[in-house]
Amino acid sequence: RRRKKREKRGKEKKRFRSHHKKTWLLLALSYLLDDNTFMTRGVIQGKYIPKFGSDNAAELVLAMTGAIEGKRGAIVAFEKIIENIKKTGSVSPIPKGLLTYSVYYNASAYAEYLGEHIKAENIWKDLAKQSKSSGNGLLFRLALGQIAIGSLQTETLITAANLNGLRIGDRKSTRLN
């Protein structure tokens, strides 16, 4: 009898916790990772926002969805979230530091993708200024690290690298003559 009860307990289904914000966000992000932008929008706009209201995390998921879809308005959405975080702080189930870094990272990456390299660097400089003034050393170091990566000049090669006289892409015959 006890054995059957234990077996029964082990086979219980884990239920979707619809009253938790993070559950809906994770569901939306899993659809986004699967490149299913329609379901991502459906979860956020159809379920999350009506149930919990709009917050920075939901707006970030929608902005990321717009960026994946190639909408130029996504950069404006990222900037709107950045302004929202500056004014009100992080009002979301995601910790403030993580949300802040994610918004800046995605905004900068999308600006780079659009070819707006100066804008991307300015986004990181803005995070560095904001985090320095608020005393957040971790975000400050992360922003400086991104600025340093973006400003590195790559050396142009004068001669191609070779190994035993062969360059990358050269073909060597293995036939015996």
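Within each chain, residues carry numbers counting from 1 in the order of the written sequence. This being a predicted model, a pLDDT of at least 70 is required before a residue's local features are given, and a value of 80 or more before pairs of side-chain atoms are given or counted; all residues contribute to the totals for chains, interfaces and linings. Side-chain metrics in this entry use all non-hydrogen atoms of the structure; hydrogen atoms and water are not considered.

> Would you mind showing me how to read the packing of aromatic side chains here?
What describes a pair of aromatic rings is the distance from one ring centre to the other and the angle between the planes of the rings. Pairs were defined over the aromatic rings of Phe, Tyr and Trp, the Trp ring being its six-membered one, requiring ring centres within 6.5 Å. Orientation was assigned from the angle between planes: stacked under 30 degrees, edge-to-face over 60, tilted for the rest. Applying the stated rule across the entire model yields five aromatic pairs. Ring plane angle 55 degrees and centroid distance 5.2 Å describe the contact between Tyr48 and Phe52, whose orientation is recorded as tilted. Of this pair, Tyr48 and Phe52 both sit in helix α3 (residues 37-52), four residues apart, roughly one helical turn. Burial classes: relative accessible area under 20% of the type maximum marks a residue as buried, over 50% as exposed, and values in between as partly exposed (1.4 Å probe, protein chains only). Residue class for Tyr48 comes out buried when judged on its relative accessible area of 0%. Ring geometry for Tyr105 against Trp124: centres 6.1 Å apart, planes inclined by 75 degrees, an arrangement best described as edge-to-face. With a gap of 19 residues between them, Tyr105 in helix α6 (residues 96-113) and Trp124 in helix α7 (residues 117-134) connect regions that are remote in the sequence. Given the relative accessible area of 5%, Trp124 is considered buried. By the ring-pair criterion, three or more aromatic residues cluster together here, those being Tyr101, Tyr105 and Trp124. A run of DSSP states H or I qualifies as a helix once it reaches four residues; a run of E qualifies as a strand once it reaches two. Both are numbered from the N-terminal end.

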